[in-house]
Structures are given as C-alpha cells and as structure tokens.
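# Overview (structure and organization)
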Amino acid sequence: MSEQGKNSNIVQRAYIDLDVPVAVASLLNPMSGATLHQYLYVSLSNPFDATLYVFGLEAEVLFNGVHVGQVELKKLSLDEAIVLPPNAHDYLTPNAYPIELHALELPSLLQLLHEIAPAPAGKGITEVDLNARIHVRVGGAEPILVYMQHNVSAQLKQFSSLA
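Described in the following lines is the structure provided in the data block. Treat the numbers as computed from the prediction; the structure is a model and nothing was measured.

## Some details on the pattern of salt bridges
If charged atoms from side chains of opposite charge come close, those side chains can pair. Evaluated as defined, the whole model comprises four salt bridges. Ionic pairing is found between Arg137 and Glu142, a salt bridge with its closest N-O pair at 2.4 Å. For Arg137, a relative accessible area of 26% corresponds to the partly exposed category.

## Examining the environment of Asp90
With respect to the helices and strands, Asp90 occurs in the loop between β5 (82-84) and β6 (91-92). C-alpha of Asp90 to C-alpha of Ser26: the two residues are 64 residues apart in sequence and 32 Å apart in space. A distance of 3.2 Å separates the side chain of Asp90 from the side chain of Ser43, its partner in a polar contact.

## Notes on the nonpolar core
In terms of nonpolar packing, the biggest core is built from 44 residues, with Leu18 and Ile134 touching the most fellow members. The residues touching Ile134, leaving out its near neighbours within four places in the chain, are Ile10, Val11, Val54, Gly56, Leu57, Pro143, Ile144, Leu145 and Tyr147.

## Observations regarding the pairing of strand β7 (residues 97-102)
As paired elements, strand β2 (residues 35-44) and β7 share six bridges and run antiparallel to each other. Considered in β7, the bridge of His37 is made with Glu100. Of the strand pairs in this sheet, strand β4 (residues 66-73) and β7 are connected by three bridges, and their pairing is antiparallel. Following the sheet pairing, Val71 is matched in β7 by Ile99.

## Some words on the side chain of Asn46
Following the sequence through the fold, Asn46 ends up in the loop between β2 and β3 (52-63). Among the polar contacts made by the side chain of Asn46, one reaches the main-chain amide nitrogen of Phe48 at a distance of 2.8 Å. Discounting chain neighbours no more than four positions away, the residues touching Asn46 are Thr51, Leu52, Leu84, Pro85, Pro86, Asn87 and Ala88.

Thresholds, definitions, all that
- Residues take numbers from 1 onward in each chain, read along the sequence in its written order.
- At least 70 in pLDDT is required for a residue's local features to be given in this predicted model, at least 80 for side-chain atom pairs to be given and counted, and no such filter applies to totals for whole chains, interfaces and linings, which use all residues.
- The basis for the side-chain values is all heavy atoms of the structure; hydrogens and waters are excluded.
- Criterion for a salt bridge: a side-chain nitrogen of Lys or Arg within 4 Å of a carboxyl oxygen of Asp or Glu.
- Buried means the residue's accessible area, taken with a 1.4 Å probe over protein chains only, is under 20% of the maximum for its type, while exposed means over 50%, and partly exposed covers the values in between.
- Secondary structure elements are taken from DSSP: a helix is a run of H or I of four residues or more, a strand is a run of E of two residues or more, and numbering for both begins at the N terminus.
- Think of a polar contact as two N or O atoms within 3.5 Å of one another; within protein, one of them needs to be a possible hydrogen donor and the other a possible acceptor, and neighboring residues in sequence only count if both atoms come from side chains.
- Buried residues of nine kinds, namely Ala, Val, Leu, Ile, Met, Phe, Trp, Tyr and Cys, make up a nonpolar core once their side-chain atoms join them within 4.5 Å.
- Contacts are residue-level and defined by heavy atoms, with any inter-residue pair within 4.5 Å sufficient.
- When DSSP locates at least two bridges between a pair of strands, those strands are taken to pair.

Structure, rendered in structure tokens:
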C-alpha cells in the first residue's frame with residue numbers, strides 16, 4: 001500500500017437513487033412488503049500500488065449498528081470488471097447496482113431515510129457501516145476481501161454532485 005493510500009477502504013461513498021417520501025409511504029404500507037428495491041452508484045478507491053480489478057461486491061448495510069439493507073454487485077467477467085489504477089481515488093461506478101433496504105428494523109431504516117433527505121427535512125448525508133465481501137484481482141492473485149468498513153458516506157444521488 002502506498003503512503004498516500006493509508007485509507008485502505010475500497011468503498012468510499014454510496015449514492016442512492018431514491019425518492020424518500022415514496023419510499024417511506026411504501027414502507028408504511030402493510031401491503032407493499034418489508035423490502036425496498038432501489039439502485040445506487042458507488043464511489044471506489046484503490047489503496048494498492050497495483051491495478052485493482054473488482055469482479056463483485058456484496059455488503060450488508062448497517063445503520064447505527066442495525067442491519068438495514070444489502071448491496072450486491074453482480075459477478076463481473078474480466079471484460080466487465082471495474083478497473084482501478086494504482087492508488088486511484090473516488091472512481092464512480094458507471095452503472096447503478098441493486099440495493100435492498102429491509103424494514104425489519106423499521107425505526108432504524110426510517111431514521112436513515114430521514115438523515116439522507118435534503119434539508120430542511122434531513123441532513124442530506126449520513127454514514128453507514130458495511131460488512132463487505134469484495135471479489136478482486138490484484139497483482140495476479142484473486143482474493144475475496146472480507147472486512148467491516150465504518151463511516152461510509154451515503155446520500156441521495158439526486159441531491160449530490162452526480163445529479
């Protein structure tokens with residue numbers, strides 16, 4: 001790992017494509033089920049001194065220590081892999097990936113949605129933790145990186161610089 005790459009986290013930010021009022025109404029409607037199926041873009045960094053190929057990512061999303069969702073980037077082929085140059089920072093995935101938000105702990109999920117809502121309703125951004133499994137190729141090896149990542153910024157895509 002390089003000196004400038006002391007932050008060893010691969011996932012830097014998540015930009016959720018979500019309409020908060022519609023999501024809250026859906027979660028509070030007993031006929032809609034307990035899961036929201038949404039999409040997000042992910043900002044990635046490469047903490048290594050070698051090119052990093054990302055072939056897949058699964059992550060449990062935790063908010064204030066409570067499971068609120070699951071992200072899964074489909075298994076990618078070598079041709080489809082996300083390629084991060086050595087020590088790259090804030091590479092935004094070109095595609096949105098599915099995220100499932102679970103209402104099993106409804107108060108925690110509603111609090112998360114409140115915090116990512118734009119001002120004056122919310123703060124516009126919050127932090128989540130990820131229990132991540134990232135499938136990569138680096139330096140000829142293909143490890144699955146399994147780790148807990150804290151304080152990943154999460155915000156709504158439409159109120160970010162991506163909109």
